[in-house]
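Working through the structure, step by step
Each chain, written out:
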Amino acid sequence: MYFKHFGLKAQPFQLTPDIGFLFMSEAHTRAKAYMDYTVWNREGFVVITGEIGCGKTTLIQKVLSELDENVVVAKIFQTQLDEVEFLQAMLVDFGLNPFNAKKVELLDMLNTFLLEQFVQGKQIVLIVDDAHNLSTKVLEEIRMLAGLETRKEKILHVILVGQPQLNEILDHPDMEQLIQRVKLRYDIPPMSEQELSQYILFRLSTAGAADRMLFLPQTFPIIYKYAGGTPRLINTLCDSALTCAYADNLPRVTAKVVEAAASELQWPSYSERVDKRRQKMAPSSVDSRPQDVLSEQSRSLATIAEQVGKLEDLPPLLASIRASLAAIETLLRDLVQSRAGDPNSEAPSSRRKSTG
C-alpha cells in the first residue's frame, strides 16, 4: 500500500518468516551456531528457547535453507500430537507411508529407515518447532530415538525449539534421562535498543529503502518502549507507523507518528505488557486459597485412608481372639465336668481342713 510513497520494493516488516529479512543479532548468531554444530558434528541434542516472536521459526528456516542433499531431515511444526501421531509425522516427513500401522510397526519402520540412511553416510536430523507443546510421552519417544547410536556417534540428531516453558518441562525430575542427552541449551534473549535500531535499518535496506532516515533516530527509543526487543512486536509497530505516516502524507516516520501507531494498536508499554503476563502466570493469594483448602483436605483424606487401612486389619484379629476364647471356654467346661464326675476329687480348701 505504501511501497511507492516511501520508495520501497517490498514490505519491510512482514510477520511471516522470511530468511531474506532475518537479522542475525548476536543471540541469533549463537543459536544458529548451536544448531549447525548439532547437525554437522553428530552431537545428538540441542534445545533452543525464546519468547514468542523472537524469530525462532525464521531461524529454523535459515538452517534448513543451508542443508545439502547429504542431510535427511524431518521437520515437525505441529506438536499437539500423541506419541503414535508424532511417529507417523516423522515418517511422513522422511518420505514413508506410516498409516494403518501399529506403534511397534512404526518404531520398527523408523529404526530401519534411520539405520539404512546412516549406512549410506547420511546425516539424519529431527527438528521440532513449538516443542513446549510436546507431551511427556512424546518426549520419552524422542529420548529413546536419540539413544540410537553406534559405538562412536549418534545416528539421529535432534533440535528442539520452543518457548521458555520448554525449559521448565525439561528441568522436571521425570525428564532427567532426557536432559542428560542434551548437549547444548540456549535461550534467545530480547534484542537491546541498539540492536533494535540496527534491525529496523537492516529490514528497510533489504526492502529497498533509499532513505536511511525513513525512521528518524528519535523513533527508536519509543519503538523500544512499546515493543521491547521482540522482532514480531517491532514489525507490527513499525508497519503500523508506516501506515499512519502514509495516511498523513508524511515523508518520514516521526516520534509522534510512532506514539499514534502505538495508541491505535492500544498497546501499553512493553514493561507493562511483561508485568501483566507475569501476573497471569503467577497465582494470586485469592486464587491459591481453594488450592490450599484442597491440599489440606487431600492430606486429611490420606490420613483417614491410612487409619481405615489399619481398621481393615482388625476383623481377622478379632475373629482369631474370639476363636481362642471359645477354645479356652470349652477346655474350662470340660475340666469342670471331669472334676464333678470324679468322687475322689476334692476341692483344695477341703483338703487343707482334713489335713489339720
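Residues numbered from 1 in each chain as written. Predicted model: local features only at pLDDT ≥ 70, side-chain atom pairs only at ≥ 80, totals over all residues. Heavy atoms only, no water.

A closer look at the environment of Leu87
- Within the element layout of this structure, Leu87 appears in helix α4 (residues 83–93).
- Sequence separation between Leu87 and Val138 is 51 residues, and the spatial gap between their C-alpha atoms is 8.7 Å.
- Excluding residues that lie within four positions of it along the chain, Leu87 makes contacts with Lys103, Leu106, Leu107, Leu110, Glu141 and Leu145. (Helix = DSSP H or I, 4+ residues; strand = E, 2+ residues; numbered from the N terminus. Contact = heavy atoms within 4.5 Å.)

Topic: empty space enclosed by the protein
- The full count for this structure, using the stated rule, is one cavity of 30 Å³ or more.
- When its volume is computed, the largest cavity comes out at roughly 40 Å³.
- Considering the residues around the largest cavity, the lining is formed by Glu51, Ile52, Cys54, Ile188, Pro189, Pro190 and Thr230.
- Of the residues contributing to the lining of the largest cavity, the split by class is five nonpolar, one polar and one charged. (1 Å grid on protein atoms, 1.4 Å probe; cavity = no way out; pocket = protein on both sides within 12 Å on 5 of 7 lines; lining within 4 Å. Points joined across faces, edges and corners; volume = space filled by probe spheres on them. Nonpolar A, V, L, I, M, F, W, Y, C, P; charged D, E, K, R; others polar.)

Overview of the pattern of salt bridges
- One pass over the structure, following the stated rule, counts eight salt bridges.
- In this structure, Glu66 and Lys62 form a salt bridge, with 3.5 Å as the shortest nitrogen-oxygen distance.
- Glu66 gets classed as partly exposed once you look at its relative accessible area, which sits at 40%.
- Residue Arg252 is joined to Asp211 by a salt bridge in which the shortest nitrogen-to-oxygen separation is 3.0 Å. Taken together, the residues span a long stretch of sequence, with Arg252 in the loop between α11 (231–247) and α12 (255–265) and Asp211 in the loop between α9 (193–206) and α10 (219–227) at a distance of 41 residues.
- Taken together, the shared-partner salt bridges in this structure form one network comprising Lys32, Asp36, Lys62 and Glu66. (Salt bridge = Lys/Arg side-chain N within 4 Å of Asp/Glu carboxyl O. Buried < 20%, exposed > 50% of the residue type's maximum accessible area, 1.4 Å probe, protein only.)

Focus on the environment of Pro164
- You can see Pro164 is positioned in the loop between β4 (156–162) and α7 (165–170).
- Separated by 112 residues in the primary sequence, Pro164 and Ile52 place their C-alpha atoms 9.0 Å from one another.

Side note on the layout of surface pockets
- Computed from the structure, the largest pocket encloses a volume of approximately 440 Å³.
- As for the largest pocket, its lining consists of 25 residues, and the residues nearest its centre are Gly53, Gly55, Lys56, Thr58 and Arg232.
- Only α3 (56–65), α9 and α11 provide two or more residues apiece to the lining of the largest pocket.
- A breakdown of the residues in the lining of the largest pocket according to their chemical character gives 10 nonpolar, nine polar and six charged.
- The computed volume of the second largest pocket comes to approximately 370 Å³.

As for the packing of α10 against α12
- One can describe the packing of α10 onto α12 by two numbers: an axis separation of 8 Å at closest approach and a directional angle of 15°. It follows that α10 is roughly parallel to α12 by the angle criterion. Where α10 crosses over α12, the handedness of that crossing is right-handed. On α12, the residues touching Thr219, Ile222, Ile223, Lys225 and Tyr226 of α10 are Ala255, Val258, Glu259 and Ala262.
- Of the residues in the contact of α10 with α12, the class split is six nonpolar, one polar and two charged. (Axes fitted to C-alpha atoms, helices over the stretch in contact; angles between N-to-C directions. Parallel < 35°, antiparallel > 145°, perpendicular 65-115°, else oblique. Left-handed = near helix turned anticlockwise from the far one by under 90°.)

As for a nonpolar patch on the surface
- Taken together, the side chains of Ile328, Leu332 and Leu335 define a hydrophobic patch exposed on the protein surface, amounting to about 280 Å² of accessible area.
- Inspection of the secondary structure assignment puts Leu335 in helix α15 (residues 314–340).
- Note on Leu335: relative accessible area 42%, which makes it partly exposed. (Patch = residues over 30% accessible without salt bridge, like charges linked within 9 Å, V, L, I, M, F, W, Y side chains within 5 Å. Areas by Shrake-Rupley, 256 points an atom, 1.4 Å probe, with all protein chains shown as cover.)

Focus: the sheet that holds strand β2 (residues 71–76)
- With parallel pairing, five strands are arranged side by side in an open sheet as β2-β3-β4-β1-β5. Looking at which strands have only one partner, the edges of the open sheet turn out to be β2 and β5 (182–188). Sheet twist, expressed as the average angle between the axes of neighbouring strands with direction ignored, equals 15°.
- Of the pairings in the sheet, the one linking strand β1 (residues 45–50) to β5 comprises six bridges and is parallel in character. Each residue of the ladder has a partner; that of Gly50, found in β5, is Ile188.
- In the packing of α3 onto the sheet, the strands contacted are β1, β2, β3 (123–128), β4 and β5, and the crossing angle to β4 comes to about 155°. (Pairing = 2+ DSSP bridges.)

All we've got here are geometric facts, nothing functional implied.
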